[in-house]
Amino acid sequence: MFFKDVIPWSSASTLSDEESEIICILIPYGFEDYGPHCDSMRVTAFLDIPGQDNLPPLTLLEKYAFSDNIFNRQIIARGLLDIFRDFSNNEDDFLTVMEIVVRLSEDAEPTVRTELMEQIPPIAIFLQENRSNFPLMFSEYLIPIVVRYLTDPNNQVRKSSQEVLLILLEQDLIFQHDIENKVCPILLALSAPDSDDEYKAEAVNIICRLASVLSKSTVERLLLPRFCELCGDGKLFQVRKVCAANFGDICHAVGQEATEKFLIPKFFELCSDNVWGMRKACAECFMAVSYSTSPELRRTKLSPLFIRLISDPCRWVRQAAFQSLGPFISTFANPSRAGLYIREDGTLSIRPLAQGLDSTFTSGSSSADSGGSTSSACSTKPVQPQPDLPVEGTSAETSNLSHANSFSNGLMENPMEDSVLAGAELTRLSPEASAFSKLPVINDLPIHSHAGLSSWACPKSPEDVFNNFLYWRTPLPDISKDLELLLSEAGPQEEGCSGPETVHNSCVARNEIQKVLDSLQEHMMNDPDVQAQVQVLSAALRAAQLDSVNEPERKPTEGLNGVSLSDPSPASDNQMALSASSSQNELSVARILQSTEPGEPSEGTRDRSEPGQRHEPTPLEKNKSKFQDIIPQPLLDQYVSMTDPARAQTVDTDIAKHCAYSLPGVALTLGRQNWHCLKDTYETLASDVQWKVRRTLAFSIHELAVILGDQLTAADLVPIFNGFLKDLDEVRIGVLKHLYDFLKLLHEDKRREYLYQLQEFIVTDNSRNWRFRYELAEQLILILELYNPNDVHDYLMHIALKLCADKVSEVRWISFKLVVAILQKFYSNRENVLGLNFIQELVVRFRHCSKWVGRQAFAFICQGVVSEGCVPVEQFVEHLLPSLLSLASDPVPNVRVLLAKALRQTLLEKAYFRNAGNPHLEVVEETVLALQSDRDQDVSFFATLEPQRRNLMDITVLEKQH
């Protein structure tokens, strides 16, 4: 702030001698030329004041630094940087000035201390630049001032010192030694339990910011214990909220081991805090915390904890949790499982899947493409079971998880025989998985005991070509025809299977349902979502109880002979209806209980129609096809539910937009082999009534195409892409900005279908939306490489000429570059005939245009052609140069300016025209001489401008100005 900003110049003539002397002190530090009053007194750096003795500069500075006038001290504080620069040549004087600053920092006036503190960062930068001369000045004199002001009684001074300290830390202007020995001790003292509440809340914020600039060992040794104490501060919720908001940064600073040992228990406490703001802050930083943990802990502990936040009674917590759901899912990304990874330059790359998983993923992907309902049945290898936890937060032990992993690896050796054991093991690890246990799986019956077995057959993987057990076993007789006959006579049977194991599983299911019902009762009145869950669970509980009542009446099934051949009765019809409703409830219960077992299609959902009829998947099969083992299934279920309209009413009106925003990350995590899990969700979002949801998808569809590959892109994304092309301009701009990135992923035949549609981008809902057409021109420059010269000539050339005649100059200038790129496309592919036809079209349209803008454009195009060298010199001098030189007689100066620049700065720089024997050189030089004597000053300036000076100007800016 300068002196003129403090006192109006109109009152400067009435200043006292003391105030006039202050002005004279500050004259050599930049406070110059502020009127005749200063000019009359400026003799040297410090002037003689009438009636006073001449004082040395430092003495005079000290006199006014401690003047009784507050204004004088403020002026000295504001000019400290210039004062330091002036005295930096003498070390003794510099030390004296520094001591004056230290004394000035003890000023009783808060405004003086605030002004002084605001000058610390620029002074620190100055001392950093001159560290060789003053190596320890900043550490010995200024750092103590900043630290002392952290405990200043004035709030404004404290805030100023906190901001300065953060600036110094971010710009790395403080030595690590000073941070550990001067800054950290005062922060630990201010954040102590017996410290003042106001100081404590401010100190914890600085501690969290400080962790990112210190080494890992220093943070663990000095700050981590205090941070853990502050997370449990029961006195001030503001302190806990700051800790929760910065929890992810602390986890990143200390690393995985310390995070899991010290911070995760505190994080669980914060997620269960009584104050909803704490839980909301935890939900917002959940992704950052997850990145600092191991995959095992992320799956077994953090996932259930996040599900609990999603079901929080407070709407604001649920809203923050759903916004963080997609980013949290992305932390489960594993390139060895998904087959995709990100290079250092940010681009996606394909990586071969892990050995032993290829057949499973390929089977699931192929089944998803053909209907998506039989992926579990067709997979010859069961996926790795991952136990997930119930909503209450009770977690499976780590030993169980490791046992499940080793067990699933064992299944790979003999998948046909051990698939039943996999379901039993998963039920033992996660009791909630028993919700699907009453649905018989395909492996529960003999191999040939199912009707229409050929429709369920799957291609064998290389591991299944030879099986030692099946090789030495006596072949069993084929009884599939007899079985089909028996089943056709027996009619539909009940889906439930009897036996002691079924009774036990039913009891476990009832117990788990009752347990979840009890936990949800207290939240029932606050949340419509909880009410809906309670209704589903209650219906499922009643169905389970009725099933248990009917169990004694059922006969056990023992192999093939256990199939009932009795005629259907009314009672059996009632049982069928009950079983159908029960199966629907089981699906909802399984989601609420967070079962992760994929399961197999039940007997009741098998296709019993003729082989020629098409299999229509039931709702239960559709949901089972969405199972995967990359991420916990409850997380995926919650993410898919974000498209439910009820969520917009009970959680957030923009929840669909958040779902669309994070969908590419979720798709990258799951991999293209699990795209069937997200396909329906993506189609629902693409047809959302809110244009901002569709706009979000349009901006990311090219990234999703890279993730899915060309086959899935052509099948699932191209129809949605076509719909976006006909949408609102707000949606179309997202497609247009990455049009090249999407089209290059398509096959050549599919890509050619969009040639005719490209011209539709010229028409917009609002003709004033010129940036839309500007973006089109930029994309067309890139798209040229995707098509052959004939397609460019038939389709893209006409679009470029339309854009060259646009009403907005910005669109025209970028379109001229497009024209140059088209010429380069023709001649680089040796299509000289197409290039010559285009040149003739340009001469007719622009050189002989009745408007001066067109003729100016011709000069710019010729300059671009010469600069890029896209046209052979012989073609240029024959077809373009005569028309270009004829513009020298154009009546409009702006046209001649462009001509002068094209000739002087571009054409004469080429080696062909610098050759003395060139027959065209004389004509060009004569034209340049004529332009140098032009009556317009701008034309003559650019015609005489030396080529070496053009590097000092931005030619592009000059072109736009003219």
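Chains are numbered independently. Their residues run from 1 in the order of the written sequence. Per-residue local features of the predicted model are confined to residues with pLDDT of at least 70, and side-chain atom pairs are confined, for both listing and counting, to 80 or more; whole-chain, interface and lining totals are unaffected and use all residues. Hydrogens are left out, water is left out, and the side-chain values use all remaining heavy atoms of the structure.

Under an unreviewed UniProt entry, the protein chain has the name Serine/threonine-protein phosphatase 4 regulatory subunit 1-like isoform X3 and belongs to Equus przewalskii.

### What about the overall build of the protein chain?
Helix and strand assignments come from DSSP, with helices taken as H or I runs of at least 4 residues and strands as E runs of at least 2, each series counted from the N terminus. Per the secondary structure count, the protein chain includes 51 helices and two strands. We call two residues contacting when some pair of their heavy atoms lies within 4.5 Å. Long-range pairs, those at least 24 residues apart, make up 71% of the contacts in the protein chain between residues at least 6 apart in sequence.

### Observations regarding the packing of helix H13 (residues 216-231) against helix H16 (residues 256-271)
Helix-helix packing is described using two parameters, namely the angle between the two axes and the distance between the axes. Contact geometry of H13 with H16 gives a least axis separation of 10 Å together with a crossing angle of 20 degrees. The orientation of H13 with respect to H16, classified from their angle, is roughly parallel. For the pair H13 and H16, the sense of crossing is left-handed. Within the contact between the two elements, H13 uses Glu220, Leu224, Phe227, Cys228 and Cys231 and H16 uses Ala258, Phe262, Leu263, Lys266 and Leu270. Throughout this entry, Asp, Glu, Lys and Arg are counted as charged residues, while Ala, Val, Leu, Ile, Met, Phe, Trp, Tyr, Cys and Pro are counted as nonpolar. The remaining residues, Gly among them, count as polar. A per-class count over the contact of H13 with H16 returns eight nonpolar, no polar and two charged. Note on geometry: axes are lines fitted to C-alpha atoms, helical ones only across the stretch in contact, with angles between N-to-C directions running from 0 to 180 degrees. To sort the angles, those under 35 degrees are grouped as roughly parallel, those over 145 as roughly antiparallel, those from 65 to 115 as roughly perpendicular, and the leftovers as oblique. By convention, the crossing between two helices is left-handed when the near helix turns anticlockwise from the far helix through less than a right angle, and right-handed when the turn is clockwise.

### Here we look at the nonpolar core
Nonpolar side chains in soluble globular proteins tend to end up buried together. Nonpolar core, defined: a set of buried Ala, Val, Leu, Ile, Met, Phe, Trp, Tyr and Cys residues in which side-chain atoms within 4.5 Å join the residues together. Only protein chains enter the accessibility calculation, which uses a 1.4 Å probe. A residue is then buried if its area is under 20% of the maximum for its type, exposed if over 50%, and partly exposed in between. Leu127, Phe247, Phe876 and Leu884 are the most contacted members of the largest nonpolar core, which has 224 residues in total. For this core, the element with the most residues is helix H36 (residues 691-725), which contributes 15 residues. Once residues within four sequence positions are removed from consideration, Phe876 is found in contact with Cys862, Val865, Val866, Val871, Leu881, Leu884, Leu907 and Phe913.

### Overview of the side chain of Gln119
Along the chain, Gln119 turns up in the loop between helix H7 (110-118) and helix H8 (120-129). Overall, Gln119 belongs to the buried group, its relative accessible area being 16%.

### Overview of the environment of Ala65
Looking at the secondary structure, you find Ala65 in helix H3 (residues 57-65). Its relative accessible area of 0% is what places Ala65 among the buried residues. Distance from Ala65 to Ile75, taken between C-alpha atoms, is 8.6 Å for residues 10 residues apart in sequence. Dropping the residues within four chain positions of it, Ala65 is found in contact with Arg73, Ile76, Ile100 and Leu104.

### Quick notes on the packing of aromatic side chains
To describe a pair of aromatic rings, one takes the distance between the centres and the angle between the planes. Between the rings of Phe, Tyr and Trp (Trp by its six-membered ring), a pair exists once the centres lie within 6.5 Å; its type follows the angle of the planes, with under 30 degrees stacked, over 60 edge-to-face, and the other angles tilted. Applying the stated rule across the entire model yields 19 aromatic pairs. When the centroid spacing of 5.7 Å and the interplanar angle of 80 degrees are considered together, the rings of Trp813 and Phe816 count as edge-to-face. Of this pair, Trp813 and Phe816 are both found in helix H42 (residues 809-828), three residues apart, which corresponds to roughly one turn of the helix. Note on accessibility: Trp813 and Phe816 belong to one class, buried. Centroid distance Phe941 to Phe942: 5.1 Å. Interplanar angle 80 degrees. Geometry classified as edge-to-face. Look at Phe941 and you get partly exposed, because its relative accessible area is 32%. Connected via pairs of aromatic rings, a cluster forms that spans Phe227, Phe247, Phe267, Phe286, Phe306, Phe328 and Phe332. Whether a charge lies above a ring is judged from NZ of Lys or CZ of Arg, which has to be within 6 Å of the ring centre and within 35 degrees of the ring normal. The lysine or arginine in question, Arg103, covers the ring of Phe66, its NZ or CZ lying 4.1 Å from the ring centre. Geometry around Phe332 places Arg298 over its ring, the cationic atom sitting 5.9 Å from the centre.

### Topic: the pattern of salt bridges
Two side chains carrying opposite charge are able to pair once their charged atoms lie near each other. A side-chain nitrogen of Lys or Arg and a carboxyl oxygen of Asp or Glu constitute a salt bridge if their distance falls within 4 Å. Enumeration according to the criterion identifies 28 salt bridges in this entry. For Glu229, the salt bridge is made with Arg226, and the minimal N-O distance between the two is 3.3 Å. Placement of both Glu229 and Arg226 in helix H13 is noted, with a separation of three residues, approximately one turn of the helix. Glu229 sits in the partly exposed class, given a relative accessible area of 45%.

### Quick notes on unusual backbone geometry
Its identity as a non-glycine residue notwithstanding, Asp172 has a phi of 55 degrees, on the positive side. Relative to the helices and strands, Asp172 is located in the loop between helix H10 (155-170) and helix H11 (176-190). A positive phi is found at Arg830, a non-glycine position, where the angle reads about 60 degrees. Considering the arrangement of structural elements, one finds Arg830 in the loop between H42 and helix H43 (832-847).

### Topic: the environment of Leu884
Looking at the element boundaries, Leu884 is found in helix H46 (residues 881-885). The class for Leu884 is buried, based on a relative accessible area of 2%. Along the backbone, Leu884 and Ala859 are 25 residues apart, and their C-alpha atoms lie at a distance of 6.4 Å. Once you skip the residues sitting within four places of it in the chain, Leu884 turns out to touch Phe858, Ala859, Cys862, Phe876, Leu899 and Leu903.

### Remarks on helix H15 (residues 247-254)
Counted residue by residue, H15 has six buried out of eight residues, so it is predominantly covered. Of all the residues in H15, the buried ones are Phe247, Gly248, Ile250, Cys251, Ala253 and Val254. Of the residues one or two after H15, Gly255 is the one with positive phi, at around 95 degrees.

### Things to note about the confidence of the model for the protein chain
Mean pLDDT for the protein chain: 74, with 64% of residues reaching 70 or above. The low-confidence segment residues 24-53, where pLDDT is below 50, has 44 contacts with residues more than four positions distant or belonging to other chains. Each residue carries a pLDDT score, the predictor's confidence in it, ranging from 0 to 100. Counting interchain partners and residues more than four positions distant, the pLDDT-below-50 stretch residues 491-503 has 26 contacts.

### Looking at the packing of helix H49 (residues 921-932) against helix H50 (residues 937-944)
Across the interface, H49 lies against H50 with an axial gap of 7 Å and an inter-helix angle of 135 degrees. Here H49 lies oblique to H50, going by the angle between them. On the side of H49, the interface is formed by Val928, Leu931 and Gln932, while H50 contributes Val939, Ser940, Ala943 and Thr944. When the residues that make up the contact of H49 with H50 are grouped by side-chain class, the tally is four nonpolar, three polar and no charged.

### Overview of helix H4 (residues 70-78)
Across the nine residues that make up H4, a large majority, eight, are buried. Within H4, burial applies to Phe71, Asn72, Arg73, Gln74, Ile75, Ile76, Ala77 and Arg78. Polar contact is defined as a pair of N or O atoms within 3.5 Å, subject to the rule that within protein one atom must be able to donate a hydrogen and the other to accept it, and that residues adjacent in sequence are counted only when both atoms are side-chain atoms. For H4, the side-chain oxygen to backbone nitrogen distance between the N-cap and Phe71 is 2.9 Å, and the N-cap itself is Asn69.

### Brief notes about the environment of Ala902
Mapped onto the elements, Ala902 comes out in helix H47 (residues 893-906). Owing to a relative accessible area of 3%, Ala902 belongs among the buried residues under this scheme. Between the C-alpha atom of Ala902 and that of Phe860, which follows or precedes it by 42 residues, the distance is 7.2 Å. Aside from chain neighbours lying at most four places away, what touches Ala902 is Ala859, Gln863 and Leu907.

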